[in-house]
Each structure stands twice: as C-alpha cells, then as structure tokens.
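# Results of the structural survey
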Amino acid sequence: MAKSLSNIKLEIKEYVNNSNTSELEVLEKLKAFYFNKKVNKNLKLYKKGKKKVSDITKDLKISPRKFYAILKAKDIKHIKSKYNLKEK
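Described in the following lines is the structure provided in the data block. (Residues numbered from 1 in each chain as written. Predicted model: local features only at pLDDT ≥ 70, side-chain atom pairs only at ≥ 80, totals over all residues. Heavy atoms only, no water.)

## Concerning the packing of helix α2 (residues 23-48) against helix α3 (residues 53-60)
Relative to each other, α2 and α3 sit at 165°, their axes nearing to 11 Å. Relative to α3, the element α2 is oriented roughly antiparallel. In this structure, α2 crosses over α3, and the sense of that crossing is right-handed. For the pair α2 and α3, contact is made by Phe35, Lys38, Val39, Asn42 and Tyr46 and by Val53, Ile56, Asp59 and Leu60, respectively. (Axes fitted to C-alpha atoms, helices over the stretch in contact; angles between N-to-C directions. Helix = DSSP H or I, 4+ residues; strand = E, 2+ residues; numbered from the N terminus. Parallel < 35°, antiparallel > 145°, perpendicular 65-115°, else oblique. Left-handed = near helix turned anticlockwise from the far one by under 90°. Contact = heavy atoms within 4.5 Å.)

## Describing the nonpolar core
When a protein is soluble and globular, its nonpolar side chains tend to lie buried together. Grouped together as the largest cluster of nonpolar side chains are eleven residues: Val39, Leu43, Tyr46, Val53, Ile56, Leu60, Ile62, Phe67, Ile70, Leu71 and Ile76. Looking at this core, the elements with two or more residues in it are α2, α3 and α4 (64-73). (Core = buried A, V, L, I, M, F, W, Y, C linked by side-chain atoms within 4.5 Å. Buried < 20%, exposed > 50% of the residue type's maximum accessible area, 1.4 Å probe, protein only.)

Given below as structure tokens:
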C-alpha cells in the first residue's frame, strides 16, 4: 500500500512539473473525473429503472436536489414509474 501511494505521489509530481498546474488542481481534476465516472454508471442503471434515486444519492453521497440538477443538465427525464427491482 505504501509503495503504491508513493508511486501515485511521484506520478502526480511528474505531471505537475510537466504542466502548468498545481498539485491541488490535479487532485481536483482526478476527483471530478472519478465522480463523473460514478455518476454515469449510476445514470445507466437509473435509465433502465434498476436503481432508485435514494440509492443513487446514498452511493454518491449527494442530495436528491443535486441529483435532479445532474439529470436536468444531462437532459434526462425523471422516471416516476415502477422500478424493476428484484426483491431480496
């Protein structure tokens, strides 16, 4: 774990040296990239009706209002029909 963390730090420092960004800006870009990746994965399940808004907001740790803003920004209609969830 420590070796992989030090490797990540070295990669970030190399990227900072090669570009005109700071380490914090690089970390913010990485955070945004992985958050968007999670959002897109959950939106696919939402469109198919396999995941509810409450489950998605718990996974992403965001408020439902923020999720609805994401839906509006991506031009996705809010689904109010039944969900095809399998009961456990």
